[in-house]
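The chain contents come next:
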Amino acid sequence: MHGRTAVVCGSSKGIGRAIAEALAAEGVNVGVVARNKDGVDAVVAGIVAAGGRAVGIDADLSTPQGVERAVSVTRATFGRIEIAVSNVTPPPHRYLLDECTDADFDDNYNVLLMHPVNLTRAVVDDMRAARWGRLLNVGTILAKEWNPATPLLLSHTFRPALLGFQKSIALELGPSGITVNTLGVGAVRTERMRESMRKINPSLAEDWDALEATVSQDIPVRRLGRPEDVAALATFLCSARAGFITGQHYLIDGGAVRSL
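Just so it is clear, the structure is predicted and the values come from calculations on it, not from any experiment.

Observations concerning the side chain of S86
Tracing the sequence through the fold places S86 in strand β4 (residues 83-86). A polar contact of 3.3 Å, which involves the side chain of S86, links it to the side chain of H115. Leave out the neighbours within four places in its chain, and S86 touches C9, H115, P116, L119, L136, N137 and V138.

Following this line, the structure appears as structure tokens:
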């Protein structure tokens, strides 16, 4: 991976940040992208201080223009993009049908489905030219199994749609040396998870130790994930060693999903 170039979306904090830092530690040139400029700048500064190479881009990744800005700045700085990580924060949670407006469906469609579509379109010519590429989506176990504790209607609608898109383009792009995979992320200790828990149990969400002790009872490994856990798998799937793996939905959930 050393010397390759990646654009990592939603990488100012949480899982995206951990992936950007892990790739940079392997010698990858990283475009760090998010709306939060201060957060982006902090991640870039940390990567550079550790001896890596990174450029920061503040952009709204829910729009084609934001995605194009992220890709064009990364390409102008480091050259051809060979790794692209789709990772975005969904719009505010809506749990039930009566809560979801047409605007909510439109917003989630644009973020959860069209963002990875637009990112793929923006980088695929670089990867075809290189005859090598890694497209990786940071998704969720909700694409695999419904969770009665958090019945997120919009996520359950659009997350599986991404897997359909992924499988189709994996077949199309495989002959060009490009792999496409999605991470099915479970309960990970991030601010996004805390936000989800506030709607279910506000008092529990304010104490990480209590939250972890409660939620982890349904996780076989008896703990929440950490962003670094996800980044370790992401880094492997973006490497040359994962060249025979494509079109897959990799669960990284501590064994929480019960289905085969």
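Here the narrative resumes, following the displayed structure.
Considerations on the environment of T214
Mapping T214 onto the fold places it in helix α8 (residues 208-215). For T214, a relative accessible area of 43% translates into the label partly exposed. The sequence separation of T214 and L204 amounts to ten residues, and the corresponding C-alpha distance is 8.7 Å.

Points about the sheet that holds strand β3 (residues 54-58)
Read across the open sheet, the seven strands follow the order β3-β2-β1-β4-β5-β6-β7; overall the sheet is parallel. Of all the strands in the sheet, just β3 and β7 (248-252) have a single pairing partner and so form its edges. Neighbour-to-neighbour, the strand axes of the sheet open up by a mean angle of 20°, direction not taken into account. By the bridge criterion, five bridges tie strand β1 (residues 5-9) to strand β2 (residues 29-34) in an arrangement that is parallel. Counted as the bridge partner of T5 is N29 from β2. Its contacts with the sheet put helix α3 (residues 64-78) on β1, β2 and β3, and the angle it makes with β3 is roughly 155°. Relative to strand β6 (residues 178-185), helix α5 (residues 153-173) is tilted by about 160°, and along the sheet it contacts β5 (133-140), β6 and β7.

Details of the side chain of N29
Mapped onto the elements of the fold, N29 is located in strand β2. Contact partners of N29, with chain neighbours within four places excluded, come to G3, R4, T5, A6, R53 and F78.

Re the environment of G184
One can find G184 in strand β6. Under the relative-accessibility criterion, G184 is labelled buried at 0%. The sequence separation of G184 and H115 amounts to 69 residues, and the corresponding C-alpha distance is 17 Å. Every residue in contact with G184, bar those within four places of it in the chain, is listed here: G139, T140, I141, H249, Y250, L251 and I252.

Considerations on α5
Here α5 contains 21 residues, and its C-alpha end-to-end distance of 31 Å stays within 8% of the 30 Å for a straight helix at 1.5 Å per residue. Along α5, the residues classified as buried are L154, S155, H156, F158, R159, L162, L163, Q166, I169, A170 and L173. Where α5 is buried, its residues contact α4 (102-130), β5, β6 and β7.

Conventions adopted
- Residues numbered from 1 in each chain as written.
- Predicted model: local features only at pLDDT ≥ 70, side-chain atom pairs only at ≥ 80, totals over all residues.
- Heavy atoms only, no water.
- Helix = DSSP H or I, 4+ residues; strand = E, 2+ residues; numbered from the N terminus.
- Polar contact = N/O pair within 3.5 Å; in protein donor to acceptor, adjacent residues only side chain to side chain.
- Contact = heavy atoms within 4.5 Å.
- Buried < 20%, exposed > 50% of the residue type's maximum accessible area, 1.4 Å probe, protein only.
- Pairing = 2+ DSSP bridges.
- Axes fitted to C-alpha atoms, helices over the stretch in contact; angles between N-to-C directions.
- Expected span 1.5 Å × (residues − 1).

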